[in-house]
Amino acid sequence: MRMSKGVEWAIHTLLNLDMIGGGPVGSGQLAEAHGLPAPYLNKQLQQLARADLLASAPGPRGGFRLTRPLEDITLLDVVQAIEGDAQLFHCTEIRCCGKIGELSPPPTGACAVKMAMQRADEAWRQALAAQSLADIRLELDRTPTIRSVVRSALN
């Protein structure tokens, strides 16, 4: 499975908003801080707002702010906000197709491949749900200059 770059940018943006704290930051300012096209990042920001991870305030002093602390935002929340929550694997019952399907009796149980992929999908989702953005923030805080760099870039 390959996630879009939007997931990476969304996570960094949420972390950056937490590091600077306080009021809203404009999408142009957030995009410029990482050298992104503002319309591209704005799409991710709107998806985060629809998922209630960000709130937006209109106007010249408006922008985006976190709606909850990083402890309450998981990697799964961000992935689902940007990528959706559809299962990664869709069984098309290939076991019933072609010569194998013709020569085999009709299946009586669930497809073993489908079941294995569902278990893997669930494990992946549980791993994402087990990591909050606060966990990542703790790792970032080990780099002494990161907060001042983010503040400088966004002011």
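Shown above is the structure to which this text applies.
In short, a report on the structure.

### A look at the overall build of the protein
Check the secondary structure of the protein and you find eight helices and two strands. Rg of the C-alpha trace for the protein: 21 Å, well past the compact-globule value of 15 Å for 155 residues, more than 25% over. With respect to the principal axes defined by its C-alpha atoms, the protein has extents near 70 × 30 × 25 Å. Buried residues in the protein amount to 33% of all 155 residues. Across the protein, every contact between residues at least 6 apart in sequence was considered, and the portion connecting residues at least 24 apart equals 70%. Summed over all atoms, the accessible surface of the protein reaches about 9,600 Å², with 55% contributed by carbon and sulfur. Averaging the positions of the 16 positive and the 16 negative side-chain charges in the protein gives two centres separated by 3 Å.

### Structural notes on the packing of helix α1 (residues 5-20) against helix α3 (residues 38-50)
Running from N to C, α1 and α3 cross one another at 70°; their axes reach a closest spacing of 10 Å. Judged by the angle between their axes, α1 and α3 are roughly perpendicular. Packed against α1, whose contacting residues are K5, G6, W9, A10, T13 and L14, the element α3 presents Y40, L41, Q44, L45 and L48 at the interface. Considering only residue class, the contact of α1 with α3 consists of seven nonpolar, three polar and one charged.

### A word on a negative patch on the surface
A surface patch of like charges, here negative, comprises E71, D72, D135 and E139. Position of E71 among the secondary structure elements: in the loop between β2 (63-66) and α4 (75-83). Judged by relative accessible area, which is 53%, E71 ranks as exposed.

### Some details on the side chain of S132
By secondary structure assignment, the location of S132 is in the loop between α6 (112-129) and α7 (133-140). Of the polar contacts made by the side chain of S132, one reaches the backbone nitrogen of A134; its length is 3.2 Å. Ignoring any residue separated from it by four or fewer positions in sequence, one finds S132 in contact with L70, E71, I73 and T74.

### Things to note about the pattern of salt bridges
Where charged atoms from two side chains of opposite charge come close, those side chains can pair. With the rule as written, the count across this model stands at four salt bridges. Between R137 and D18 there is a salt bridge, and its shortest N-O distance comes to 2.1 Å. Of the two residues, R137 sits in helix α7 while D18 sits in helix α1, which places them 119 residues apart along the sequence. With relative accessibility at 9%, the residue R137 sits in the buried group. Because the salt bridges share partners, they merge into one network encompassing D18, R137 and D141.

### Quick look at the pairing of strand β1 (residues 54-57)
Pairing of β1 with β2, which is carried by four bridges, proceeds in the antiparallel orientation. Bridge pairing links A55 to R65 in β2. Counted along the chain from β1 to the antiparallel partner β2, the turn is five residues long, and its residue G59 has a positive phi close to 100°.

Conventions used here
- Residues numbered from 1 in each chain as written.
- Predicted model: local features only at pLDDT ≥ 70, side-chain atom pairs only at ≥ 80, totals over all residues.
- Heavy atoms only, no water.
- Helix = DSSP H or I, 4+ residues; strand = E, 2+ residues; numbered from the N terminus.
- Rg over C-alpha atoms; globule rule 2.2 N^0.38 Å.
- Buried < 20%, exposed > 50% of the residue type's maximum accessible area, 1.4 Å probe, protein only.
- Contact = heavy atoms within 4.5 Å.
- Areas by Shrake-Rupley, 256 points an atom, 1.4 Å probe, with all protein chains shown as cover.
- Lys, Arg positive; Asp, Glu negative; His and termini not counted.
- Charge placed at Lys NZ, Arg CZ, Asp CG, Glu CD.
- Axes fitted to C-alpha atoms, helices over the stretch in contact; angles between N-to-C directions.
- Parallel < 35°, antiparallel > 145°, perpendicular 65-115°, else oblique.
- Nonpolar A, V, L, I, M, F, W, Y, C, P; charged D, E, K, R; others polar.
- Patch = residues over 30% accessible without salt bridge, like charges linked within 9 Å, V, L, I, M, F, W, Y side chains within 5 Å.
- Salt bridge = Lys/Arg side-chain N within 4 Å of Asp/Glu carboxyl O.
- Polar contact = N/O pair within 3.5 Å; in protein donor to acceptor, adjacent residues only side chain to side chain.
- Pairing = 2+ DSSP bridges.

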